[in-house]
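Structural features, examined
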Amino acid sequence: MTPQDYDFLRNCLKQRSGLVLSADKQYLVESRLLPVARRAGVATLGELVGMLRGAHDPALMTGVVEAMTTNETFFFRDKIPFEHFRATIMPALIEARRAARSIRIWCAAASTGQEPYSLAMCLKEFGRELAGWRIELLATDLSAEVLEKARSGIYSQFEVQRGLPIQLLIKYFTRSGESWQIAPELRGMVNYRQLNLLTDFSALGTFDVVFCRNVLIYFDAETKTDVLNRLAKVTASDGYLVLGAAETVVGLTNRFKMLMERRGLYAPNPDPPRPSLLDGVRAAPRLVAIQGGR
């Protein structure tokens, strides 16, 4: 693969998924895309890039993007966000939504389903507190392939051993050959939908809780800011945003504020500070550079 081919792939991936690859990640591209090339009937990545340049094949481009997307996940990943969900988020929402008895939750990077099913198990554990409530749990991801696995709710022994407490495995899963399948009642709690965070998602409506974990880390600062600002528009004024352990809103947007002593948990900022004159002076050179580059 030539440097020009690699640059073409990097640009395609950024435009279609937001994924930003540094110049030294060519080995990663080669390892993940060679199987895609073979399925397309070619032997090299150079030939694959040639097909992408000339054929305008949406299915082939989708295969390339999905192969490069990281789908690492497991049940109750990082623990702390789910502790926040149980101890902080849900008690506050139950109190605030007693009249409407309705809560909407969005997992914006659901991958193979462990995160939304972890939330579904948390919700079931509230028992009678949520009896009669309408709980909507939407789970989206860029990849159609991982969403199919999520819908099936079937996981290997290795996957259920990663983060899933044994008591919840026994309570909510049944053995299916060498695998485990989550209970139909929990599968029915989650609505899966394919969605690209780079596109307009305002039609989804307003959510009380948005989990958008471990996806912003793959975006550049401009894309992170854009996504966060649009997430703010679909998060209820008294709702919550949950980010990954390595993610933050600091330096990216003032539409959310950190909740002290709640790592990774944010709330919409009802009165975001306006940019100061000094901020405008600092921003001006960047705007000039962008315009000059065009």
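Below you will find a few notes about this structure. Please read all numbers here as calculations on a predicted model, not as lab measurements. Here the residue numbering is sequential within each chain, running from 1 through the sequence in written order. For this predicted model, a pLDDT threshold of at least 70 governs which residues receive local features, and a threshold of 80 or more governs which side-chain atom pairs are given and counted, while totals over whole chains, interfaces and linings are taken from all residues. The side-chain figures draw on all heavy atoms in the structure; neither hydrogens nor water molecules are used.

Residue position: E247 is located in the loop between β8 (235-243) and β9 (256-258). The buried label applies to any residue whose accessible area, calculated with a 1.4 Å probe on protein chains only, is under 20% of its type's maximum; exposed applies above 50%, and partly exposed to all values in between. A residue counts as positive if it is Lys or Arg and as negative if it is Asp or Glu; His and the chain ends are not included. The salt bridge definition used is simple: a Lys or Arg side-chain nitrogen within 4 Å of an Asp or Glu carboxyl oxygen. For the buried residue E247, which engages in no salt bridge, the nearest side chain bearing the opposite charge is R213, 6.7 Å off. We call two N or O atoms a polar contact when they sit within 3.5 Å, provided that within protein one can donate a hydrogen and the other can accept it, with sequence-adjacent residues counted only if both atoms are side-chain atoms. Looking at E247, its side chain comes within polar contact range of the main-chain nitrogen of N214, at 3.0 Å. At 2.9 Å, the side chain of E247 and the backbone nitrogen of L216 are in polar contact. The contact definition used throughout considers only heavy atoms, calling two residues in contact when any of these lie within 4.5 Å. Once residues within four sequence positions are removed from consideration, E247 is found in contact with C212, R213, N214, V215, L216, I217 and Y266. Each helix is a run of H or I in the DSSP string that is no shorter than four residues. Each strand is a run of E no shorter than two, and both are numbered from the N terminus.

Counting buried positions along strand β7 (residues 207-212) yields 6 of 6 residues, so the element is predominantly enclosed. Bridge count for strand β1 (residues 102-107) against β7 is 3 bridges, and the pairing is parallel. For W106, the partnering residue across the bridge sits in β7 and is V210. Strand direction decides the pairing type here: β7 and β8, joined by 5 bridges, are parallel. We call two strands paired when DSSP finds no fewer than two bridges between them.

Between the first and last residue of a helix there are one fewer steps than residues, each counted as 1.5 Å, and that sum is the expected span. Taking 1.5 Å of rise per residue, the 12 residues of helix α6 (residues 114-125) would be expected to cover 16 Å, and the 16 Å separating its terminal C-alpha atoms lies within 8% of that figure. Among the 12 residues of α6, 10 are classified as buried, and the element is accordingly described as predominantly covered. For α6, the set of buried residues is Q114, E115, P116, Y117, S118, L119, A120, M121, C122 and L123.

Below, the discussion takes up the pairing of β1. Where burial is concerned, most of β1 is hidden: 5 out of the 6 residues are buried. Sheet topology note: the β1/strand β2 (residues 134-141) ladder contains 6 bridges and is parallel. Across the sheet, residue W106 finds its bridge partner in β2, namely L138.

In this section: the packing of helix α5 (residues 80-96) against α6. In a pair of packed helices, the angle between the axes and the distance between the axes together describe the arrangement. For the pair α5 and α6, the least separation of the axes is 10 Å and the interaxial angle reads 45 degrees. The pairing of α5 with α6 is recorded here as oblique in orientation. Taken as a pair, α5 and α6 cross one another with a handedness that is right-handed. The residues of α6 that touch α5, namely those facing F82, F85, R86 and M90, are E115, S118, L119, C122 and L123. Fitting a line to C-alpha atoms yields each axis, with helices limited to the stretch in contact; the angle taken between N-to-C directions then spans 0 to 180 degrees. Between 65 and 115 degrees an angle is taken as roughly perpendicular, under 35 as roughly parallel, over 145 as roughly antiparallel, and anywhere else as oblique. Crossing handedness is read from the near helix: turned anticlockwise from the far helix by less than a right angle, it gives a left-handed crossing, and turned clockwise, a right-handed one.

Moving on, we get to the layout of surface pockets. Once rolled over the atoms, a probe with the size of a water molecule shows which space is left empty. In the cavity and pocket records, a cavity denotes points on a 1 Å grid over the protein atoms alone where a 1.4 Å probe fits but cannot get out, a pocket denotes an open set with protein on both sides within 12 Å along at least 5 of 7 lines, and lining residues are residues with an atom within 4 Å of a point. Grid points are joined across faces, edges and corners, and a volume is the space filled by probe spheres set on the points. Roughly 250 Å³ of volume is contained in the second largest pocket. Considering the residues around the second largest pocket, the lining is formed by 15 residues, among which R16, P58, M61, T62 and V65 are closest to the centre. Where the lining of the second largest pocket is concerned, the elements lending two or more residues are α3 (45-55) and α4 (58-68). Looking at which element gives the most residues to the lining of the second largest pocket, the answer is α4, with 6 residues. When its residues are assigned to classes, the lining of the second largest pocket shows 8 nonpolar, 4 polar and 3 charged. In the scheme used here, Gly and all other residues not listed as nonpolar or charged are polar, with Ala, Val, Leu, Ile, Met, Phe, Trp, Tyr, Cys and Pro taken as nonpolar and Asp, Glu, Lys and Arg as charged.

As summarised here, the arrangement of the 3 strands in space is β3-β5-β4, forming an open sheet in which the pairing is antiparallel. Unpaired on one side and paired on the other, β3 (154-156) and β4 (173-176) mark the two borders of the sheet. Neighbour-to-neighbour, the strand axes of the sheet open up by a mean angle of 35 degrees, direction not taken into account. Both β4 and strand β5 (residues 179-182) contribute to a ladder of 4 bridges, which runs antiparallel.

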